[in-house]
Amino acid sequence: MKIEQIYAKSGKILVIDDSPSNLKILMSLLSEQGYTVRPMPSGKLALQGIHLDYPDLILLDIEMPDMDGYQVCQCLKEDERTQDIPVIFVSAYEDVLDKVKAFELGGIDYITKPFQPEEILVRVQNHLVLYKLKKGLQEKTEYQDKKLAEQNALLQEMNQQLSAANQELSRNLAELEKAQLQVVQAEKMSTLGQLVGGVAHEINNPVSFLMGNIQPAKNYVVSLFSLLDLYAEAFPHPGEKIENEIREIELDFLREDLPMLLDSMNVGVERIKNISTSLRTFSRMDREYKVPFNLHEGIDSTLLILKHRLKSNQSRPEIGIVKNYGDLPEINCFPGQLNQVFMNLLANAIDALEERSLGHTFAEIANLKNRICLDTGLWQYAPSQDLESADRSQEQWVFVKISDNGTGMTEEVKQRFFEQGFTTKGVGKGTGLGMAIARQIVEEKHGGKITCHSELGKGTEFTVLLPI
């Protein structure tokens, strides 16, 4: 069964609009499709009542008395209990600046009145599917992290009990730990890849529908305007009633704005298509042999997955991303495994920046200019350089450097950072497996090298070297 069939026609929708007629139309349209709809005639009432039963989606008008839609959306996004609920603006405002403001405040979509019922239903269904998939992914990830933490705690206890065992038992334990890393790596990436790949697949269906219909719609508009011109030539004086209607609908403005509106819709569809492509790049499953892969695509797709953690929130500004990409050839590798390495390194960088921000005001954090730098390029091996675990027969390499200006590490932490089971995070937040898996992927699976340079209070830089 497809994902949209599982989630279709289910969900709780809050409609906020001061127009009784609009509320009635939207309630009737959405209720007929099986959604649970709760109408609210004002923003203040909606904010007061939303905590009684949190919706899965909000349809929000902009122009309302006392409190407009922008203010309502800002309040929702400032409350951690409601900040993740998707908000679709439904407004008669057509100005681009109004739409930009809506998206800047946290809206995920913008529908212009008068709306088409089919458009409302398609967008509502798509965003409900994405919202529920996101919640499911978060819950599954939290569950897996908890289980991994419990397994790691148990493993540490077993290591203490077996400390007096002989050399043969120690070797067996090392093999067991290696096998465990491979199982954890395969299970975690398989689950994440399936979920992300499923999201990308479901996005493709409505996007393909929209992309296939926008150009015909533009052609129809041109044809209709040409027909109107013929009528105007044949009947230059159509009568007072028709002339009044032409003035009422502002026909000249409509001629100019409608094609641009369709063009802007096409731009939005292209953007969704690019997001879908990035998701599929990240979720690609590895084969038993290496394949050519563009590292930049892997890094960018990973950044997309972590975008929600980079965005600004009520406690800190956005974390900046600085890209200095070199001209890299495709390399033969296991793409899914390298994406996991990038995921671990970027997530750790974000954790370090968030730790650095603790105890500071929003303005103070802004002055700290939290950022992550991504550098790539070709690297030539020199005998004086340290490549203990790398294949020195390879003369040309590529490098990926991921650096942050976060908390940095002490020398003691840096020496143990790649150890299996070692973590500086609190209980339930870290398993101590992520960096051990990353090193195994880079050095054992790809014959490369991963190094760490860090200074307490100044930041950390990881360098991944891979043979071409």
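Structure's up top.
First things first, this report covers the structure right here in the doc.

Conventions adopted
- Residues numbered from 1 in each chain as written.
- Predicted model: local features only at pLDDT ≥ 70, side-chain atom pairs only at ≥ 80, totals over all residues.
- Heavy atoms only, no water.
- Helix = DSSP H or I, 4+ residues; strand = E, 2+ residues; numbered from the N terminus.
- Contact = heavy atoms within 4.5 Å.
- Areas by Shrake-Rupley, 256 points an atom, 1.4 Å probe, with all protein chains shown as cover.
- Core = buried A, V, L, I, M, F, W, Y, C linked by side-chain atoms within 4.5 Å.
- Buried < 20%, exposed > 50% of the residue type's maximum accessible area, 1.4 Å probe, protein only.
- Pairing = 2+ DSSP bridges.
- Axes fitted to C-alpha atoms, helices over the stretch in contact; angles between N-to-C directions.
- Phe/Tyr/Trp six-rings, centres within 6.5 Å; stacked < 30°, edge-to-face > 60°.
- Parallel < 35°, antiparallel > 145°, perpendicular 65-115°, else oblique.
- Left-handed = near helix turned anticlockwise from the far one by under 90°.
- Nonpolar A, V, L, I, M, F, W, Y, C, P; charged D, E, K, R; others polar.
- Salt bridge = Lys/Arg side-chain N within 4 Å of Asp/Glu carboxyl O.
- Disulfide = S-S within 2.5 Å.
- Right-handed = clockwise from strand over helix to strand, strands pointing away.

### Section: the overall build of the chain
Here's step 1: A count of helical and extended segments in the chain gives 15 helices and twelve strands.
Here's step 2: A sequence separation of at least 24 residues applies to 72% of the contacts in the chain between residues at least 6 apart.
Here's step 3: With an accessible surface of roughly 26100 Å², the chain has 53% of that area assigned to carbon and sulfur atoms.

### Description of the nonpolar core
Here's step 1: Core analysis: the biggest nonpolar cluster contains 39 residues, and Leu295 and Ile372 have the highest contact counts within it.
Here's step 2: Contributions of two or more residues to this core are made by helix H10 (295-305), strand E8 (331-333), helix H12 (335-357), strand E9 (371-380), strand E10 (396-404), helix H15 (434-445), strand E11 (449-455) and strand E12 (459-467).
Here's step 3: Looking at this core element by element, the count peaks at nine residues for H12.
Here's step 4: Among residues more than four places away in sequence, those in contact with Ile372 are Leu310, Ile319, Gly320, Ile321, Val322, Leu346, Ala349, Ile350, Leu353, Ile402, Ser403 and Asp404.
Here's step 5: Counting residues in hydrophobic clusters, the runner-up holds 20 residues, among them Met40, Leu60, Val87 and Tyr131.

### Topic: the sheet that holds strand E3 (residues 57-60)
Here's step 1: Across the sheet, which stays open at both edges, the five strands sit in the order E2-E1-E3-E4-E5 with parallel pairing between neighbours. At either end of the open sheet lies a strand with only one pairing partner, and these are strand E2 (36-40) and strand E5 (109-112). Geometrically, the sheet is characterised by an average inter-axis angle of 20° between neighbouring strands, direction not taken into account.
Here's step 2: Note: strand E4 (residues 87-91) against E5, four bridges, orientation parallel. Across the sheet, residue Ile88 finds its bridge partner in E5, namely Asp109.
Here's step 3: The strands touched by helix H2 (residues 20-32) within the sheet are strand E1 (12-16), E2 and E3, with E2 carrying the most contacts at an inclination of about 170°.
Here's step 4: Of the strands in this sheet, E1, E3 and E4 are in contact with helix H4 (residues 69-78), which crosses E4 at around 175°.

### A word on the sheet that holds E10
Here's step 1: Across the sheet, which stays open at both edges, the five strands sit in the order E7-E9-E10-E12-E11 with mixed pairing between neighbours. Looking at strand neighbours, the two that pair on one side only are strand E7 (320-324) and E11, the edges of this open sheet. Strand-to-strand, the axes of this sheet are offset by a mean angle of 15°, without reference to chain direction.
Here's step 2: Seen against the sheet, H12 touches E9, E10, E11 and E12 and runs at an angle of roughly 25° to E10.

### Let's talk about the packing of aromatic side chains
Here's step 1: Applying the stated rule across the entire model yields four aromatic pairs.
Here's step 2: Relative to Phe89, the ring of Tyr70 has its centre 5.9 Å away and its plane inclined at 45°; by these criteria the two rings are tilted. Taken together, the positions of Tyr70 in helix H4 and Phe89 in strand E4 put the pair 19 residues apart, joining distant regions of the chain.
Here's step 3: Overall, the relative accessible area of 7% leaves Tyr70 in the buried class.
Here's step 4: Judged by relative accessible area, Phe89 falls into the buried class, the value being 0%.
Here's step 5: Taking the centre distance of 6.3 Å and the plane angle of 85° together, the rings of Trp379 and Trp397 count as edge-to-face. Of this pair, Trp379 sits in strand E9 while Trp397 sits in strand E10, and the two are 18 residues apart along the sequence.

### Quick look at unusual backbone geometry
Here's step 1: Between Lys113 and Pro114 the backbone carries a cis peptide bond, its omega angle lying at -5°.
Here's step 2: Relative to the helices and strands, Pro114 is located in the loop between E5 and helix H6 (117-161).
Here's step 3: The phi dihedral of Asp66 falls on the positive side, at around 70°, and the residue is not glycine.
Here's step 4: Relative to the helices and strands, Asp66 is located in the loop between E3 and H4.

### Comments concerning the packing of H10 against H12
Here's step 1: Following both chains from N to C, one finds H10 and H12 inclined at 50°, their axes separated by 9 Å at the closest point. In this view, H10 runs oblique relative to H12, as classed from their interaxial angle. Regarding H10 and H12, the two cross each other, and that crossing is right-handed. Here Leu295, Gly298, Ile299, Ser301, Thr302, Leu303 and Ile305 of H10 lie close against H12, whose contacting residues are Leu338, Asn339, Phe342, Met343 and Leu346.
Here's step 2: Here the residues of the contact of H10 with H12 are counted per class, giving eight nonpolar, four polar and no charged.

### Looking at the pattern of salt bridges
Here's step 1: For the coordinates displayed, the defined rule picks out 14 salt bridges.
Here's step 2: Between Asp17 and Lys113 there is a salt bridge, and its shortest N-O distance comes to 3.1 Å. With Asp17 in the loop between E1 and H2 and Lys113 in the loop between E5 and H6, the pair connects residues that are 96 residues apart, well separated along the chain.
Here's step 3: Taking relative accessible area as the criterion, Asp17 reaches 3% and is therefore assigned buried.
Here's step 4: Judged by its relative accessible area of 15%, Lys113 is buried.
Here's step 5: Taken together, the shared-partner salt bridges in this structure form one network comprising Arg309, Arg316, Asp351 and Glu354.

### Topic: the state of the cysteines
Here's step 1: Per the stated rule, a full pass over the model turns up zero disulfides.
Here's step 2: Looking at Cys73, it has no disulfide partner, and the nearest cysteine sulfur is the one in Cys75, 9.3 Å off.
Here's step 3: The exposure class assigned to Cys73 is buried, which follows from its relative accessible area of 0%.

### Observations regarding the pairing of E2
The side chains of a regular strand alternate between the sheet's two faces.
Here's step 1: Two elements, E1 and E2, share five bridges in a ladder whose sense is parallel. From the neighbouring strand, Val15 faces E2, where its bridge partner is Pro39.
Here's step 2: Handedness of the crossover is the feature at issue here: the chain leaves E1, passes through H2, returns alongside E2, and the resulting connection is right-handed.

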